[in-house]
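Here is what each chain is made of, one letter per residue.
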Number of protein chains: 2
Amino acid sequence: MKYIQSDKNPQVKQWKKLKTRKERDKTGMFLVEGFHLVEEALTRKDDVEEIILSEKTELPPGLDYGSVPVTVVTDDISKQLADTETTQGIFAVCRQPKQTHTTGKTYLLIDSVQDPGNLGTMIRTADAAGIDMVIVGKGSVDMYNPKVLRSAQGSHFHLPVLSGDLSEWIVKLSADHIPVFGTALENGVVFTEADTRETFALLVGNEGSGVNKELLTKTTQNLYIPIYGQSESLNVAVAAGILLYYLKTAK
Amino acid sequence: MKYIQSDKNPQVKQWKKLKTRKERDKTGMFLVEGFHLVEEALTRKDDVEEIILSEKTELPPGLDYGSVPVTVVTDDISKQLADTETTQGIFAVCRQPKQTHTTGKTYLLIDSVQDPGNLGTMIRTADAAGIDMVIVGKGSVDMYNPKVLRSAQGSHFHLPVLSGDLSEWIVKLSADHIPVFGTALENGVVFTEADTRETFALLVGNEGSGVNKELLTKTTQNLYIPIYGQSESLNVAVAAGILLYYLKTAK
């Protein structure tokens, strides 16, 4: 195993750059941290370029890393790479999956969601609900942000999570006769009245302003969740959960 | 209006102590921060002891504070009271509502939820779903923690949110013929098969370990949400949202 001691090492510098969205976008790579996420990443070995291990961390006995190279670094370098305060000292350098236009029956489209916890939780929920693909529109927080990765608890490696132009996707899905359900507070129907089918796409939007109005004009039907009490709205990840499970089980 | 300049002032010291759970429990008081939460708190004026305003903050013109006293403090004191990095410089000192045993048709019982964002989001969701009362069991994060208050977006002031002994509550609800639905991964029925009625209580649990096993033996029926994909579980606030809306709309 390679051992790197200096944080001036060009490879260390390159890994540290992956902590910025700009570098992730440029290189098409991202970094995951912690035993669980590294293990999940290794279920797609072809997309793992390298494992980085702190000198203070043991490689877990059962970890199937195949022929993925492992580099050991000092505890100090490990801390510099970490996004968490008490890092487990294990990282994987991963390739972002290619943006293929695969086919599926069920989709979650996400417009301009800002909070990393919300985005990660929605990816995790889409995975749980058996959704085939998540499309994250421009204007959302980066899906490879460390906090998004942590909140999603490995679901990035379970289903395709792509960034894309939502307007184009809505047109494409509609052309394929897949109904696209927008979410809106006005001019919609109660979700329990939705014209549900086995195939669907759900479109959710920004925490404050909801889904972009122009996108809502392109959908098949817009749904709302009734508010029975005095709160003004629901958290977007909770709303996505209610709707995804409704559409999935009411079909 | 009173004006306090020194952070050595005994009243300032007392307010600062309210940032700890210990002092909140001891005094039965809590602090809310920001325009929106202060406005919500003032919908229950009897429970607001005082408004604190930074010298750099204007009292919003429409704010109906009745005869609640307003104290102006220096910007430095305001920052010391704040939980947020960029505070709006307005606070309310509130009384925790009395733990009355009011009657209602629908309840959310929360066992040992640790994350403030999850607890706050569940209180907000219960409000939206028109739930009559939330009971937070011992072992959960403090419901008056500033982050819980922010995530709940004012719902603390919309419905009774009480701390209580969940075991006793389950017995009491059952005696009143209100079915208590636990949530479990094993030995439950799919939630869409629940024996729903107009009255119900939903019991959700800890992020990692779920609901305490002993509590689950006391429930009427235990429900689970099927996982169709590869994720191991759902976020507890998302699960609570799916189940509350299902129980509310399927009745």
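Just so you know, these numbers come straight off a predicted model, no measurement behind them.

### Focus: the overall build of chain A
Consideration 1: From N to C terminus, chain A includes nine helices and twelve strands.
Consideration 2: Whereas a compact globule of 251 residues would reach a radius of gyration of roughly 18 Å, chain A reaches 20 Å, a difference of no more than 12%.
Consideration 3: C-alpha atoms of chain A, sized along the principal axes, occupy 60 × 40 × 30 Å.
Consideration 4: Taking the intrachain contacts of chain A between residues at least 6 apart in sequence as the baseline, contacts between residues at least 24 apart amount to 74%.
Consideration 5: Accessible surface computed for chain A: about 11400 Å², of which carbon and sulfur atoms make up 48%.
Consideration 6: Within chain A, the 32 negative side-chain charges are centred at a point lying 4 Å from the centre of the 27 positive side-chain charges.

### A few points about the pairing of strand E9 (residues 180–183) of chain A
Residues and elements named next belong to chain A.
Consideration 1: Burial of the side chains of E9 extends over both faces: Val180 and Gly182 are buried on one face and Phe181 and Thr183 on the other.
Consideration 2: Inspection of the sheet shows E9 paired to strand E11 (residues 200–204) by three bridges, in the parallel sense. What sits directly across from Phe181, in E11, is Leu202.

### Quick notes on the pattern of salt bridges
All names here are of chain A.
Consideration 1: What the rule picks out here adds up to 22 salt bridges over all chains.
Consideration 2: Glu49 is the salt-bridge partner of Arg95, the closest N and O atoms lying 3.5 Å from each other. With Arg95 in strand E5 (residues 90–95) and Glu49 in strand E3 (residues 48–54), this pair connects stretches of sequence that are 46 residues apart.
Consideration 3: Residue classification places Glu49 among the partly exposed positions, given a relative accessible area of 38%.
Consideration 4: One network of salt bridges, in which partners are shared, links Lys56, Asp75 and Lys79.

### Structural notes on the interface of chain A and chain B
Interface size is commonly expressed as the accessible surface area that is lost when the partners come together.
Consideration 1: Of the residues lining the interface, 30 residues belong to chain A; the matching set on chain B comes to 30 residues.
Consideration 2: Summing the contributions of chain A and of chain B, the shared interface buries around 2400 Å²; its carbon and sulfur component is 63%.
Consideration 3: Considering only the side of chain A, the residues that lose the most area to chain B are Arg124, Tyr228 and Tyr245 of chain A, jointly responsible for 24% of the buried surface there.
Consideration 4: Along the contact surface separating chain A from chain B lie zero salt bridges.
Consideration 5: Where chain A packs against chain B, one counts 20 residue pairs in polar contact (both at pLDDT 80 or more).
Consideration 6: Of all elements in the fold, only helix H5 (116–128) and helix H9 (236–250) of chain A reach the threshold of two or more residues within the side of chain A that touches chain B.
Consideration 7: Of the residues in the side of chain A that touches chain B, the class split is twelve nonpolar, 14 polar and four charged.

### Topic: the relation of the copies chain A and chain B
The two chain copies are connected by a rotation around an axis plus a translation along it.
Consideration 1: Once turned by 180 degrees and shifted 0.0 Å along the axis, chain A lies on chain B with an RMSD of 0.0 Å. Classification of the inter-copy transformation places it as that of a two-fold axis.
Consideration 2: A symmetric contact is evident, with 100% of the interface residues of chain A recurring at the interface of chain B.

### Remarks on the sheet that holds strand E7 (residues 133–137) of chain A
Residues and elements named next belong to chain A.
Consideration 1: Pairing is parallel across the open sheet formed by seven strands, whose spatial order is E8-E7-E6-E11-E9-E12-E10. This sheet does not close on itself; its edge strands, each paired only once, are strand E8 (161–164) and strand E10 (189–190).
Consideration 2: Packing of H5 onto the sheet brings it into contact with strand E6 (106–110), E7, E8 and E11, and relative to E6 it is tilted by some 175 degrees.
Consideration 3: Strands E6, E9, E11 and strand E12 (221–224) of the sheet are contacted by H9, whose axis makes an angle of about 165 degrees with E11.

### Comments concerning the environment of His156 of chain B
Residues and elements named next belong to chain B.
Consideration 1: Here His156 is to be found in the loop between helix H6 (146–152) and strand E8 (161–164).
Consideration 2: The class of His156 is buried, set by a relative accessible area of 6%.
Consideration 3: C-alpha of His156 to C-alpha of Asp127: the two residues are 29 residues apart in sequence and 8.7 Å apart in space.
Consideration 4: Discounting chain neighbours no more than four positions away, the residues touching His156 are Arg44, Ile123, Met143, Tyr144, Val148, Leu149 and Val161.
Consideration 5: Among the polar contacts listed, one links the side chain of His156 to the backbone oxygen of Met143, at a separation of 2.7 Å.

### A look at unusual backbone geometry
Consideration 1: A positive phi angle is found at His177 of chain A, which is not glycine, with a value near 60 degrees.
Consideration 2: Tracing the backbone through its elements, the reader meets His177 of chain A in the loop between helix H7 (166–175) and E9.

### Quick look at the packing of helix H5 (residues 116–128) of chain B against helix H9 (residues 236–249) of chain B
All names here are of chain B.
Consideration 1: At a minimum axis distance of 9 Å, the contact between H5 and H9 shows a crossing angle of 15 degrees. When the interaxial angle is binned, H5 and H9 end up roughly parallel. Helix-helix and strand crossings are classified by hand; for H5 and H9 the assignment is right-handed. Contacts from Asn118, Thr121, Met122, Thr125, Ala126 and Ala128 of H5 reach H9 at Val236, Ala237, Ala240, Gly241, Leu244 and Tyr245.
Consideration 2: Of the residues that constitute the contact of H5 with H9, the class distribution is eight nonpolar, four polar and no charged.

### Section: the domain arrangement of chain A
All names here are of chain A.
Consideration 1: Under the domain assignment used here, chain A contains domain 1 (2–95) and domain 2 (106–249).
Consideration 2: Just the C-alpha atoms count here: the centres of domain 1 and domain 2 sit 31 Å apart.
Consideration 3: Each side of the interface is counted separately: domain 1 has 14 residues, and domain 2 has 15 residues.
Consideration 4: Together domain 1 and domain 2 conceal approximately 1200 Å² of surface at their shared face, both sides included; 57% is due to carbon and sulfur atoms.
Consideration 5: In terms of surface lost to domain 2, no three residues of domain 1 exceed Phe30, Leu37 and Arg44, which account for 37% of the buried area on that side.
Consideration 6: Linking domain 1 with domain 2 are two salt bridges, by the criterion used here.
Consideration 7: For Asp83, the salt bridge is made with Arg150, and the minimal N-O distance between the two is 2.9 Å.
Consideration 8: For the interface between domain 1 and domain 2, the tally reads six residue pairs in polar contact (both at pLDDT 80 or more).
Consideration 9: With four residues, helix H3 (residues 35–41) is the largest single contributor of residues to the side of domain 1 that touches domain 2.

Conventions adopted
- Residues numbered from 1 in each chain as written.
- Chains lettered and ligands numbered in written order.
- Predicted model: local features only at pLDDT ≥ 70, side-chain atom pairs only at ≥ 80, totals over all residues.
- Heavy atoms only, no water.
- Helix = DSSP H or I, 4+ residues; strand = E, 2+ residues; numbered from the N terminus.
- Rg over C-alpha atoms; globule rule 2.2 N^0.38 Å.
- Contact = heavy atoms within 4.5 Å.
- Areas by Shrake-Rupley, 256 points an atom, 1.4 Å probe, with all protein chains shown as cover.
- Lys, Arg positive; Asp, Glu negative; His and termini not counted.
- Charge placed at Lys NZ, Arg CZ, Asp CG, Glu CD.
- Buried < 20%, exposed > 50% of the residue type's maximum accessible area, 1.4 Å probe, protein only.
- Pairing = 2+ DSSP bridges.
- Salt bridge = Lys/Arg side-chain N within 4 Å of Asp/Glu carboxyl O.
- Buried area = accessible area lost by both parts, 1.4 Å probe.
- Polar contact = N/O pair within 3.5 Å; in protein donor to acceptor, adjacent residues only side chain to side chain.
- Nonpolar A, V, L, I, M, F, W, Y, C, P; charged D, E, K, R; others polar.
- Least-squares fit on C-alpha atoms with pLDDT ≥ 70 in both.
- Axes fitted to C-alpha atoms, helices over the stretch in contact; angles between N-to-C directions.
- Parallel < 35°, antiparallel > 145°, perpendicular 65-115°, else oblique.
- Left-handed = near helix turned anticlockwise from the far one by under 90°.
- Domains from an automatic or database assignment.

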